[in-house]
Amino acid sequence: MKFTHLASALVAAATLMSTTAALAQAKVQFFPSLTGRTGPVAPNATPFANGYADYMKLVNVRGGINGVMTLVEECETAYATDRGVECYERLKGKHGGATVFQPLSTGITFALTEKVPGDKIPLITSGYGRSDSADGSVFKWNFPLIGHYWVAGDTVLQHIAKKEGGWDKLKGKKIGVVYHDSPFGKELLPIITERSKMHGFELQLLPVPAPGVEQKAIWLQVRQQRPDFVIMQTWGVMTATAIKEAVATGYPREKMFGTWWSGAEPDLKDIGAAAKGYSAVMMQHGAEPGSTVVKDILDKVHAKGEGTGPKEEVGNVLYMRGVVGAMLSVEGVRAAQERFGKGKVMLGEQARWGYENLNLTQAKLDALGFKGVMRPVSTSCTDHMGSAWARVHTWDGAKFTWTSDWLQADEQIIKPMVKASAERYASEKKLQRRDGADCQS
Amino acid sequence: MLYRENGQFKTSYGADQQVFPITQDRIGIWLVLAFAVFAVPVLADEYLFRAILIPFLILALAALGLNILVGYCGQISLGTGAFMAVGAYAAYNFSVRIEGMPLILALLLGGACATVVGVLFGIPSLRIKGLYLAVATLAAQFFVDWTFLRISWFTNNSPSGSVNVSNLSFFGISINTPHEKYLFCLGILIVFAWLAKNLVRGHIGREWMAIRDMDVAAAVIGIRPVYAKLTAFAVSSFIVGVAGGLWGFVHLGSWEPAAFSIDRSFQLLFMIIIGGLGSIMGCFFGAAFIVILPIFLNRALPALGDLVNVEISTAAVAHTELMVFGALIVFFLIVEPHGLARLWSTAKEKMRLWPFPH
């Protein structure tokens, strides 16, 4: 009968799954990877996943984390929150327990923020997620390491102000903000609004419904109102569409500035020369094809045929973001090993201590091959971000070149905003701020 | 042989009118319920609860609500995601703005708000029918998406537009572990399924079905279309709204309007079409098909690849999952256009005639 065939196939598949789980090696540090290799952000999320996987392979070639090998298993979310939650549940207990999650989606980050405290797994959201989670005394398990949206918003405005010749020159100017109409896009707005109040420039908010392939109306508005600058908080196919529409409406690319998810090669390479002059603020690193770590990956991983993606994209912006994300994941574990025992596999809970006490000096970064890619990062119990440096790069028609010096987000403005927002979250959730004793644990 | 009602004589109206007139069915349903309530919490692990069972229960509830409207009353709706969103956001507002609001009351009030919105968007159904109505309910989807994205009051002025809830409890019992969440959702689903089953076989359900089968004829024999259609919208939206509240509160914990996008509406519509229109059982089959099958495919493919020593990339798995899933939908719709529930009842018919089915 048909049903018996079906049933036996089901049983076979089920036993298969349990045996593969049992085969997992004992002494590995497991880094789950939630990927977006399909769906609306695939062109951008794929290099990130490749960089993440390749760097972990490089760590193993270099001898692991004090001898502990890394293991990556991917689960495809297609940028959908419910699939992301399913992937999280699937991977969190595998291979001895997940070390840290990097969901690469603000929606998934919001959902997982509610789940990680219970499971005792840290969450690294470099450059995305909740900006207020930089306040480690409320968000014990969240780590927006090396930057969040408010840092992006602040530095991009600093760059514009510098170009104009000072903040006072922005008075009376009009700045359009094209953003993804979701928590991802809206997270940028508080800092921009705050700055507009401080310096007296006018904002024109232009929300684009996801996935952002239909933007004719938005750019018609831009054409009518002619803002002096346009800031873009876009991701995936939306960025390319925005720039194409800007070309079509004749809005100068020199006056368009992306945040760090809106300025990578997949967004611009099809537009090519027409996109020349478009800039984006970068969370420390940009495209780094000349860096030591990229050479190492090419020599020690790709040369052996073990590379994850195409060789050409190694060193691209989003590939590098995956590499940097993986490096931060690994270095947190290394820091945790200093305390909990060198050469041991760290639990998520122990790794969390490592991320909270990260001290990546320039010498350490240089030794890892990140010379010229990154500046030092140092986190603490109250500061889960660790650094607020950024640079701006500009598309010259074929590749990106740096067009600004290092910029640092203004802590005087961001710190109180983070604190107030975290306070609000804590009171909604009836959470207590962590005290000194909890910080030591 | 075992499944045969020979010799079961009904001696009272009560016996004749019960939900499951056949003894074997009654025993079967009690066994299933006992299994779900007592055995599953012992057997299932956390992954099964949080990633499969809880979403399955909640979406089955939403499908149940939609099936009342589409399957029983014949009014095609593409606004299910919107009604879920109304339920979730209304429940959120009740629980945030009123100190000490019990969870169950917030969910039911959320359902009540969804009812109001549902009836409002159901009014066009009095004039337009079929696919045109589907387009009209689509307006609800866009309107509600817009509302919760733009009007920050509804999200308690959250800067990102994402809301979150925690510390759920039910009459003093906390609902935080997967077990508790599962049992909570199961309890609600059982109550609503029982109510829905009794509604659709009562006079009001018969009115809905009369309207579905031929509204002019129904009006001629004295059924008021206004009343029948709007009650279907009301009951349906209420159940869908409660399901939306559960989806936000119990499953996600933190959500944005994208959790209730047009994709959700389509997903639910596919569930009831594949499961079986006009069948309570079909909702469960459809929800299982749509929720569990993709995850199963996603997990089985790499395992099959391991078996033959081929490493299948994550992207290839995702693409294959979509292709196989799509092919299976087409296959089932060709083999049994009336849905999986019809397959189930055919199987039961054959069981009755066993060992000589024809």
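Residues numbered from 1 in each chain as written. Chains lettered and ligands numbered in written order. Predicted model: local features only at pLDDT ≥ 70, side-chain atom pairs only at ≥ 80, totals over all residues.

Before going further, it helps to examine the overall build of chain B. For chain B, the count of helices and strands is 14 helices and four strands. Taking 358 residues into account, the globule formula puts the C-alpha radius of gyration at 21 Å, and chain B, at 21 Å, falls close to it. With respect to the principal axes defined by its C-alpha atoms, chain B has extents near 65 × 65 × 45 Å. The buried share of chain B, taken over its 358 residues, is 44%. Sequence-distant contacts, at least 24 apart, represent 75% of the contacts inside chain B between residues at least 6 apart. (Helix = DSSP H or I, 4+ residues; strand = E, 2+ residues; numbered from the N terminus. Rg over C-alpha atoms; globule rule 2.2 N^0.38 Å. Buried ≥ 20, exposed ≤ 12 C-beta atoms within 10 Å, placed from the backbone. Contact = placed C-beta atoms within 7 Å.)

Along the backbone of chain A there are 17 helices and 14 strands. Computed over its C-alpha atoms, the radius of gyration of chain A comes to 22 Å, within 12% of the 22 Å expected for a compact globule of 441 residues. Taking the principal axes of the C-alpha coordinates as reference, chain A spans close to 65 × 60 × 45 Å. Residues classed as buried in chain A amount to 58% of the 441 residues present. Sequence-distant contacts in chain A: of pairs separated by 6 or more residues, those separated by 24 or more amount to 71%.

Ranked by size, the top nonpolar core spans 231 residues in total, and within it Ala60(B), Leu61(B), Ala63(B) and Leu246(B) carry the most contacts. Counting residues per element, this core draws most heavily on helix α3 (residues 46-72) of chain B, at 17 residues. For this core, the domains that each give at least three residues are domain 1 (26-147 + 288-387 + 421-440) and domain 2 (150-282) of chain A. If sequence neighbours within four positions are ignored, Leu61(B) has contacts with Ile188(B), Leu189(B), Phe192(B), Ile239(B), Val242(B), Ala243(B) and Leu246(B). (Core = buried A, V, L, I, M, F, W, Y, C linked by C-beta atoms within 7 Å. Domains from an automatic or database assignment.)

So, about the domain arrangement of chain A. Residues and elements named next belong to chain A. Taken domain by domain, chain A comprises domain 1 (26-147 + 288-387 + 421-440) and domain 2 (150-282). Taking only C-alpha atoms, the centre of domain 1 and the centre of domain 2 are 28 Å apart. In this complex, domain 1 contributes 14 residues to the contact, which on the side of domain 2 involves 16 residues. Secondary structure elements with two or more residues in the side of domain 1 that touches domain 2: α2 (42-61), α4 (106-113) and α13 (317-340). By residue number, the principal contributor to the side of domain 1 that touches domain 2 is α4, which donates three residues.

Reports often express the size of an interface as the amount of accessible area lost when the parts come together. The interface of chain A with chain B comprises 33 residues on the first partner and 29 residues on the second. Of all the secondary-structure elements, those providing two or more residues to the side of chain A that touches chain B are α1 (2-22), β2 (69-76), α3 (81-91), α4, α7 (183-186), α8 (189-199) and α16 (411-429) of chain A. If you tally residues by element for the side of chain A that touches chain B, the top one is α3(A), at six residues. Here the residues of the side of chain A that touches chain B are counted per class, giving 11 nonpolar, eight polar and 14 charged. (Nonpolar A, V, L, I, M, F, W, Y, C, P; charged D, E, K, R; others polar.)

What follows is about the pairing of strand β12 (residues 389-395) of chain A. Residue and element names in this part refer to chain A. For β12, the tally of buried residues reaches six of seven residues, placing the bulk of the element in the interior. Sheet topology places strand β9 (residues 279-282) next to β12; four bridges connect them, and they run antiparallel. Following the sheet pairing, Ala280 is matched in β12 by His393. One ladder, built from two bridges, connects β12 with strand β14 (residues 407-408); its direction is antiparallel. When the bridges of β14 are listed, Ala390 appears paired with Leu407. The sheet contact formed by β12 and strand β13 (residues 400-402) spans three bridges and is antiparallel. Counterpart to His393 in the pairing with β13 is Trp402. Linking β12 back to β13 in an antiparallel pair, the connection comprises four residues, with Gly397 at a positive phi of about 110 degrees. (Pairing = 2+ DSSP bridges.)

Our focus in this paragraph is helix α8 (residues 203-213) of chain B. Given 3.6 residues per helical turn, the α-helix brings residues three or four places apart onto the same face. Listed in full, the buried residues belonging to α8(B) are Gly205(B), Glu207(B), Trp208(B), Ala210(B), Ile211(B) and Arg212(B). Next to the buried residues of α8(B) lie α3, α7 (178-200), α9 (215-220) and α10 (225-252) of chain B.

Within chain A, residue pLDDT values average 88, and 94% of them lie at 70 or more. Between residues 15-25 of chain A, whose pLDDT stays under 50, and residues either more than four places distant or in other chains, the model counts eight contacts. (pLDDT = per-residue confidence, 0-100.)

The next subject is the packing of α3(B) against α10(B). Residues and elements named next belong to chain B. The geometry of α3 relative to α10 is characterised by a closest axis approach of 8 Å and an angle of 165 degrees between their N-to-C directions. Between α3 and α10, the crossing angle belongs to the class labelled roughly antiparallel. The chirality of how α3 crosses α10 is left-handed. Of the residues in α10, those in contact with Ile54, Pro55, Ile58, Leu61, Ala62, Leu64, Gly65, Leu66, Ile68, Leu69 and Tyr72 of α3 are Ala232, Phe233, Val235, Ser236, Ile239, Val240, Val242, Ala243, Leu246, Trp247, Val250 and His251. (Axes fitted to C-alpha atoms, helices over the stretch in contact; angles between N-to-C directions. Parallel < 35°, antiparallel > 145°, perpendicular 65-115°, else oblique. Left-handed = near helix turned anticlockwise from the far one by under 90°.)

A word on the pairing of β9(A). Residue and element names in this part refer to chain A. Alternating residues of β9 divide into Ser279 and Val281 and Ala280 and Met282, and every residue in both groups is buried. Direction of pairing for strand β8 (residues 256-258) relative to β9: parallel, over a ladder of two bridges. In the sheet register, Phe257 faces β9, and the bridge partner there is Ser279.

So, on to the packing of helix α4 (residues 80-97) of chain B against helix α5 (residues 103-122) of chain B. All names here are of chain B. Orientation of α4 relative to α5, taken along the N-to-C sense of each, is 135 degrees, at an axis distance of 7 Å. For the element pair α4 / α5, the angle class is oblique. In this structure, the crossing between α4 and α5 has a hand that is right-handed. Contacts between α4 and α5 involve Phe83, Val86, Gly87, Ala88, Ala90, Ala91, Phe94 and Ser95 from the first element and Ala106, Leu107, Leu109, Gly110, Gly111, Cys113, Ala114, Val117 and Gly118 from the second. Taken together, the residues of the contact of α4 with α5 break down into 12 nonpolar, five polar and no charged.

All names here are of chain B. Among the secondary structure elements, Leu59 is positioned in helix α3. Spatially, the C-alpha atom of Leu59 lies 8.8 Å from that of Cys283, the residues being 224 residues apart in sequence. Once residues within four sequence positions are removed from consideration, Leu59 is found in contact with Met271, Ala287 and Val291.

The phi dihedral of Asn66(A) is positive, around 50 degrees, even though this residue is not glycine. Position of Asn66(A) among the secondary structure elements: in the loop between α2 and β2. With 13 C-beta atoms counted inside 10 Å, the residue Asn66(A) sits in the partly exposed group. A positive phi is found at Asn309(B), a non-glycine position, where the angle reads about 60 degrees. Within the element layout of this structure, Asn309(B) appears in the loop between α12 (280-307) and α13 (314-335).

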